[in-house]
Amino acid sequence: MDKIGVLIVDDHAVVRQGLRTLLELQEDIEVVGEAANGLESVEQTRQLLPDVVLMDLMMPEMDGYEVCHRLKQEDKTREIPVIFITYRDLKEDIVAGFRAGGVDYITKPIQEEEVLVRVQTHVRLNRLNRELAQKNQELEQEIARRKALKGQLSMISEREAAHWGLEEFVGQSPTLQ
């Protein structure tokens, strides 16, 4: 399995460095980038296409809600899970985060195992969803192919029945009547 690519977004360098250190100790995780503000994070997400974004809510220039909302409007970044990390743990902040398109919410101070489990869980769910969507698309194509084949077979069957005069023969015997 490929490494999990994480983009860290926080306006505090100490938080970014702490998360980077924690995540890079894991064999299955790679920090693909960091951003110090909302505008920078939108651009980095578009360019890097990480598996997950860990994002602070309160940042200069553009807050995490707005960043997440923008990412969810673009086809290229829509499916990337955004996990908010913040000191704010009020119910209305959490609900606003989910409404903006976030998939989870972690409060500071950060609990290391919680971050790791949530990152791994959301990436796994996202990958499974993509696989399921791909399988559904393949099934729909197979159904369309079979319907087209069924139509061709019906047409061939009718043509052969007409050629051999079977349409008058089948169901016309005295026994069946």
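Quick notes on the rules
Residues numbered from 1 in each chain as written. Predicted model: local features only at pLDDT ≥ 70, side-chain atom pairs only at ≥ 80, totals over all residues. Heavy atoms only, no water. Salt bridge = Lys/Arg side-chain N within 4 Å of Asp/Glu carboxyl O. Helix = DSSP H or I, 4+ residues; strand = E, 2+ residues; numbered from the N terminus. Buried < 20%, exposed > 50% of the residue type's maximum accessible area, 1.4 Å probe, protein only. Patch = residues over 30% accessible without salt bridge, like charges linked within 9 Å, V, L, I, M, F, W, Y side chains within 5 Å. Areas by Shrake-Rupley, 256 points an atom, 1.4 Å probe, with all protein chains shown as cover. Arc of directions from axis to C-beta. Contact = heavy atoms within 4.5 Å.

Caption draft 1: Examining the pattern of salt bridges more closely. A full pass over the atoms with the stated rule returns 14 salt bridges. Here Lys108 makes a salt bridge to Asp10, at a shortest N to O gap of 2.9 Å. Note that Lys108 is positioned in the loop between β5 (104-107) and α5 (112-164) and Asp10 in the loop between β1 (4-9) and α1 (13-24), a separation of 98 residues in sequence. For Lys108, a relative accessible area of 9% translates into the label buried. Judged by its relative accessible area of 2%, Asp10 is buried. Its salt-bridge partner being Arg20, residue Glu34 comes within 2.5 Å of it at the nearest N-O pair. Residue Glu34 is located in strand β2 (residues 29-35), and its partner Arg20 is located in helix α1; the two are separated by 14 residues in the primary sequence. Here the salt bridges do not stand alone but share partners, grouping Arg16, Arg20, Glu24 and Glu34 into one network.

Caption draft 2: Summary view of a nonpolar patch on the surface. A contiguous nonpolar patch, built from Leu149, Leu153 and Ile156 and spanning about 260 Å² of accessible area, is present on the exposed surface. With respect to the helices and strands, Ile156 occurs in helix α5.

Caption draft 3: Quick look at helix α4 (residues 91-100). Along α4, the residues classified as buried are Asp93, Gly97 and Ala100. The buried residues of α4 occupy an angular sector of 65° when the element is viewed end-on, so they sit on one face. Opposite the buried face of α4, at more than 90 degrees from it, the exposed residues are Lys91, Glu92 and Arg99. Contacts from the buried residues of α4 go to α3 (64-73), β4 (82-86) and β5. Directly after α4, the chain includes Gly101, whose backbone phi takes a positive value near 115°.

Caption draft 4: Geometry of unusual backbone geometry. Backbone torsion omega between Lys108 and Pro109 reads 0°, so that peptide bond is classified as cis. Here Pro109 shows up in the loop between β5 and α5. Positioned with a positive phi, Glu61 is a non-glycine residue whose angle comes to about 75°. Tracing the backbone through its elements, the reader meets Glu61 in the loop between β3 (52-56) and α3. A relative accessible area of 61% means that Glu61 is categorised as exposed.

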